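Read off the chains here:
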Number of protein chains: 2
Amino acid sequence: MTRLLIIGGSDAGIAAALRAREIDPGAAVTVVVADAFPNYSICGLPFYLSGEVPDWRALAHRTAEEIGMAGIDLLPEHTARAIDPVGKTVAVGDPAGRMRSLPYDRLVIATGAVPVRPPIAGIDLPGIHLLHSMEDGFRLRRYLDERAPRSAVIVGTGYIGLEMADALTRHGIAVTVLKRGQVVLSATVDATLAAAVEEELQRHEVELRSGVAVEAIETTAAGLLVVGTSGLRQETDLVLVAVGTRPASELAAAAGVATGVRGAIRVNRRMETNLPDVYAAGDCGETWHRVTGQNVYLPLGTTAHKQGRVAGENAVGGQREFAGSLGTQVVKVFDLAITRTGLRDQEATAAGFAPLTVESKAWDHKAYYPGAHEIVMRITGDRRTGQLLGAQLVGHWQAQVAKRVDILAAALFHGMKVEELNDLDLSYTPPLGSPWDVVQAGAQAWVRQCRSGGNTSLRV
Amino acid sequence: MTRLLIIGGSDAGIAAALRAREIDPGAAVTVVVADAFPNYSICGLPFYLSGEVPDWRALAHRTAEEIGMAGIDLLPEHTARAIDPVGKTVAVGDPAGRMRSLPYDRLVIATGAVPVRPPIAGIDLPGIHLLHSMEDGFRLRRYLDERAPRSAVIVGTGYIGLEMADALTRHGIAVTVLKRGQVVLSATVDATLAAAVEEELQRHEVELRSGVAVEAIETTAAGLLVVGTSGLRQETDLVLVAVGTRPASELAAAAGVATGVRGAIRVNRRMETNLPDVYAAGDCGETWHRVTGQNVYLPLGTTAHKQGRVAGENAVGGQREFAGSLGTQVVKVFDLAITRTGLRDQEATAAGFAPLTVESKAWDHKAYYPGAHEIVMRITGDRRTGQLLGAQLVGHWQAQVAKRVDILAAALFHGMKVEELNDLDLSYTPPLGSPWDVVQAGAQAWVRQCRSGGNTSLRV
């Protein structure tokens, strides 16, 4: 009987536990969960805070009862303090602070990520929030309910920052988003698509300020004062800091687990670390990128589920390899869906490709049928080989943008050439598409531009 | 200078013309168009007739001006009467009935399909309509406008029949749909999914009668009387007959072009017929099925565009092969989208596979976010090899069902195993998906059932 111990009860940890029990119903699987919320949909917090999801309990991917039914032993509100990889034990603190030593045959580390706390003076003042755990969500919700803020400043323009701009606007709060750089969502899409997102924010009266770095936050008689570069002095009732995450790899590193990119736990495609019988999965570790063949740090829930599944299977004797991430992602901001898969120009160049990115526009369905929306698409391909490298799409969230990027993700998974997208037999009816789908129209635009650039080796 | 003559101005013909001019700007391309509506979206007619599309002119995929701008010579309202493959000419009648002989170096036959006219006595009476051409659409629209029918009988339960049940219901017309068999859309989806479509029709007060064959239609003082088996005697103001199409291959056959499946023109993957320099594309010809590797008759607009593109390219010296059809299709009926790609059980068995079809249900996005819809999915795979063979999905038309079937079509294109769908890196945000997308949840259900059936060779 394999004793499998898992540190972390979010997506990767629970996926590992469930898969281990599915493959080996005899395995004794224990999951150490830092809080009382195993396998909650943390990415659903903005929708709880917006009021769209009335009850936070609905955010559970699976209930503790369901997990228990699968024969998994959950230890909620327990904290792993130290790993002994020689004695094969983990020291764990229980809710009362008492320490226990848990033995393991196999260990899966799934400790996730922690929000980056930027060096801002006063960041711990009341009224300043981060958003990463369920507890963070409750704290912010209480603040909204009790203090009824009329204004908010959001520091950071990634997913959480923009989803929360949307959520707070729904409460009638006047929101200002501060960008350190020039464009929002710069880690996700190129500047022209980011501009469309900024228009959407402005259409909903979210104020945007570019090129400002917050240096300090102070309390005033009226509330909070946010001070920064470019003469920034903004009074507000609420500050949300959402400037990204970093891997929670300290516990592992202290036990001798090797780390790599951005301090994330180094893993191979079997999700093995450098230590025998120790696996890692999810946001605490590196991710193998299928297009570049290299490890990156790309924390995404979808990846955490997949990596956890692989780790759990291998921890009970399986031989599975993680098929790799393409970085496929989508975020909804007001009425827009912003999506991306694969590489952008700069990443492709860094990986040794010769990228060409071509932007095109197409209707989500035949324009004569009511409710057509224009989708803007950027396809990146290698100008020497014609290989598809990545794509970005922005359009109305009900224009099937999210599943269109998935068609491209499937193509990318198989290493298709851009031109070959035209060979895919995709569905069509006038209310839902075109005889050549948006993704194929984009491919045709890419091939035309590539050919006009003198690449005659392409089958155009 | 290649003289390329194309017979047929719908999807395949125009696609061939445009592609030929793109590849060889020196080619002299002439298209013989039987009516005055080159490259109209015939599949948009139900939406014109429903009133959702107010102006029929909007149905043009491309205007005659756009086609002319591409340097294509259109001959509208001309009819090809005979092909002389030895002298390489086509005899064509102009609008005044005068005959001309047009020479060609290469010929593309894209004569499309014609609606099947079942042996019903009285089928030519006024008030009885078919729907295949723009002219058919105008005739029906005039009948609706001038006669304001209050009731309609639709004979046939394919796409046109059900789209028109939807369209006529929007006019306040009481619609009865007559099924020869037991279920609607029997050529598209299995009985359990067809049942969901029937519920949707009934929810919109469309009456369904099963197992009846229409034998005669008569005029009465009140209007029309539809008479058939099972004691059918139904009075109505309007009858629409939509029982499918057959390839319009007579002109080609008379010239010695070989025909095959269901009388369709036999073509290879280069879209060549048996005669030198004569190509065929679209609904008049056979279609190579990528999963079975065999030719079938599967008339779809998407396929016509692709085949036309291949034929046009090869006709001016190209070397392209049609990548094959998967039969990917979608139809919208009221609020449902019904989709399918690949093979169903009986087709898979006939092709030598050992199919297993597993039905599952999943929410289109996280159920906690408002507006979630359940999608019902049937995945068909080979129980011996685990190979994906096909899939059917039914769900709310705004639940990204159409582009989800396209993810499966992309997987099928690459010969993936069902289990490997879990390796695809698909996008996720709570309002638009789940960490494991619907298609992956369906794959997991299939693998579980396959394994419980004793197939231990699958990597589960």
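Rules behind the numbers
Positions within a chain are numbered from 1, following the residues in the order the chain's sequence is written. Throughout, the order in which chains and ligands are written sets their labels, letters from A for the former and numbers from 1 for the latter. Side-chain atom pairs in this predicted model are given and counted only at pLDDT of 80 or more, local residue features only at pLDDT of at least 70, and totals for whole chains, interfaces and linings cover all residues. Working from all heavy atoms in the structure, the side-chain values ignore hydrogens and water. Note on conventions: DSSP H or I runs of at least 4 residues are helices, E runs of at least 2 residues are strands, and numbering of each starts at the N terminus. Radius of gyration: C-alpha atoms only; globule rule: 2.2 Å multiplied by the number of residues to the exponent 0.38. Here the term buried applies to any residue with accessible area under 20% of the maximum for its type, exposed to any over 50%, and partly exposed to those in between, with areas from a 1.4 Å probe on protein chains only. Contact criterion: two residues are considered in contact whenever any of their non-hydrogen atoms come within 4.5 Å of each other. Each accessible area value is a Shrake-Rupley result obtained with a 1.4 Å probe; residue values ignore everything except the protein chains displayed when judging cover. In this charge count, Lys and Arg are treated as positive and Asp and Glu as negative; neither His nor the chain ends contribute. In this description, the location of a charge corresponds to atom NZ of lysine, CZ of arginine, CG of aspartate or CD of glutamate. Should DSSP find at least two bridges between two strands, the strands are regarded as paired. A fitted line through C-alpha atoms represents every axis, and for helices the fit uses only the stretch in contact; the resulting angles, taken between N-to-C directions, go from 0 to 180 degrees. Alignment of copies: least-squares fit on C-alpha atoms of residues with pLDDT of at least 70 in both copies. As used in this record, nonpolar core signifies buried Ala, Val, Leu, Ile, Met, Phe, Trp, Tyr and Cys residues forming a set joined through side-chain atoms within 4.5 Å. Each residue after the first adds 1.5 Å to the expected span of a helix. In this scheme Phe, Tyr and Trp rings, the latter by its six-membered ring, pair at centre separations within 6.5 Å, and the angle between planes marks the pair as stacked below 30 degrees, edge-to-face above 60, and tilted otherwise. Residue ranges for the domains originate in an automatic or database domain assignment. Once two parts are brought into contact, the accessible area they lose, counted with a 1.4 Å probe and summed over both, makes up the buried area. Between Lys or Arg on one side and Asp or Glu on the other, a salt bridge is scored when a side-chain nitrogen of the former is within 4 Å of a carboxyl oxygen of the latter. Within 3.5 Å is the distance limit for a polar contact, defined as a pair of N or O atoms, with the added protein rule that one can donate a hydrogen and the other accept it, and that residues adjacent in sequence qualify only through two side-chain atoms. Throughout this entry, Asp, Glu, Lys and Arg are counted as charged residues, while Ala, Val, Leu, Ile, Met, Phe, Trp, Tyr, Cys and Pro are counted as nonpolar. The remaining residues, Gly among them, count as polar.

**Here we look at the overall build of chain A**
When helices and strands are tallied, chain A shows 11 helices and 25 strands. On C-alpha atoms alone, chain A measures out to a radius of gyration of 23 Å, which is about the 23 Å that the 2.2 N^0.38 rule sets for 460 residues. For chain A, the spread of C-alpha atoms along the principal axes amounts to about 70 × 60 × 40 Å. Evaluated residue by residue, chain A yields a buried proportion of 60% over its 460 residues. Counting only contacts in chain A whose residues sit at least 6 apart along the sequence, the fraction spanning at least 24 positions is 62%. When the accessible surface of chain A is totalled, it reaches about 16,700 Å², and 49% of it is carbon and sulfur. Looking at charge distribution, chain A has the averaged site of its 45 positive side-chain charges lying 3 Å from that of its 50 negative ones.

**With respect to the sheet that holds strand 15 (residues 232-236) of chain B**
All names here are of chain B. Reading across from one edge, 13-14-15 is the order of the 3 strands in this open sheet, with antiparallel pairing throughout. Lying at the two open borders of the sheet, with one neighbouring strand each, are strand 13 (214-219) and strand 15. Going across the sheet, the axis of each strand differs from the next one's by a mean of 20 degrees, ignoring polarity. Relative to strand 14 (residues 224-228), strand 13 runs antiparallel, the two being bridged by 5 bridges.

**Brief notes about the relation of the copies chain A and chain B**
For these two chain copies, the linking operation is a rotation about an axis paired with a shift along it. It takes a turn of 180 degrees to lay chain A on chain B, together with a shift of 0.0 Å along the axis; the resulting RMSD is 0.0 Å. The transformation just described matches what one would write down for a two-fold rotation axis. Taken together, the interface assignments show that 100% of the residues at the interface of chain A recur at the interface of chain B, consistent with an identical surface on both copies.

**So, the nonpolar core**
Membership of the largest hydrophobic core comes to 178 residues, with the highest contact counts inside it found for Leu201 of chain A together with Leu201 of chain B. Excluding anything up to four places from it in sequence, Leu201 of chain A contacts Leu162, Ala165, Val184, Val206, Leu208, Val333 and Phe334 of chain A. Leu5, Leu102, Val278 and Trp288 of chain B belong to the second largest nonpolar core, which has 49 residues in total.

**Points about helix 10 (residues 401-413) of chain A**
Residue and element names in this part refer to chain A. For helix 10, which comprises 13 residues, the first-to-last C-alpha distance of 18 Å matches the rise-based estimate of 18 Å (1.5 Å per residue) to within 8%. With 13 of 13 residues buried, helix 10 lies mostly within the body of the structure. Positioned one or two residues after helix 10, Gly415 has a phi angle of 65 degrees, which is positive.

**Some details on the packing of aromatic side chains**
Inspection of every chain in the model, using the stated rule, returns 16 aromatic pairs over all chains. Considering the side-chain rings of Tyr40 of chain A and Trp56 of chain A, the 6.0 Å spacing of their centres and the 35 degrees angle between planes classify their relative orientation as tilted. Here Tyr40 of chain A is found in the loop between strand 2 (28-32) and helix 2 (45-49), whereas its partner Trp56 of chain A is found in the loop between helix 2 and helix 3 (64-69), with 16 residues between them in sequence. The interplanar angle of 65 degrees and the centroid separation of 5.5 Å between the aromatic rings of Phe37 of chain B and Phe138 of chain B together place this pair among those described as edge-to-face. Taken as a pair, Phe37 of chain B in the loop between strand 2 (28-32) and helix 2 (45-49) and Phe138 of chain B in helix 4 (residues 134-147) lie far apart in primary sequence, 101 residues in all. Just as Phe37 of chain B is buried, Phe138 of chain B falls in that class too.

**Digging into the domain arrangement of chain A**
The accessible area lost on association of the parts is a frequent measure of interface size. Residues and elements named next belong to chain A. Here the domain parsing of chain A yields domain 1 (3-114 + 245-315), domain 2 (128-241) and domain 3 (335-454). Computed over C-alpha atoms only, the centres of domain 2 and domain 3 are separated by 31 Å. Contacts between the two partners involve 12 residues from domain 2 and, on the opposite side, 13 residues from domain 3. Interface area, domain 2 with domain 3, both sides summed: about 1,100 Å², of which 52% is carbon and sulfur. Of all residues in domain 2, Thr188, Asp190 and Leu193 give up the largest surface area on contact with domain 3, accounting jointly for 46% of the area buried on that side. Here domain 2 is connected to domain 3 by 3 salt bridges. When the shortest N-O distance is used, the salt bridge between Arg203 and Asp335 registers 3.4 Å. Our count for the contact surface shared by domain 2 and domain 3 stands at 12 residue pairs in polar contact (both at pLDDT 80 or more). Classifying every residue of the side of domain 2 that touches domain 3 gives 6 nonpolar, 3 polar and 3 charged.

**With respect to the pairing of strand 15 of chain B**
Residues and elements named next belong to chain B. Burial along strand 15 is one-sided: Leu232, Gln234 and Thr236 are buried, while Arg233 and Glu235, pointing the other way, are not. Where strand 14 lies against strand 15, 5 bridges are found, and the strand directions are antiparallel. Counterpart to Leu224 in the pairing with strand 15 is Thr236. Remark: 3 residues form the turn of the hairpin made by strand 14 and strand 15, two consecutive strands paired antiparallel; Ser230 in that turn has positive phi of roughly 60 degrees.

**Observations concerning the sheet that holds strand 3 (residues 72-75) of chain A**
Residue and element names in this part refer to chain A. Spatially, 3-2-1-7-18 is the arrangement adopted by the 5 strands of the open sheet, whose pairing is parallel. Looking at the sheet topology across the chains shown, the edges are occupied by strand 3 and strand 18 (278-280). Averaged over all pairs of adjacent strands, the angle between strand axes in this sheet comes to 20 degrees, irrespective of strand direction. For strand 7 (residues 106-109) and strand 18, the ladder comprises 3 bridges, and the chain directions are parallel. The residue of strand 18 that forms the bridge with Val108 is Tyr279. Packing against the sheet, helix 1 (residues 11-23) makes contact with strand 1 (3-7), strand 2, strand 3 and strand 7, and its axis sits at approximately 175 degrees to strand 2.

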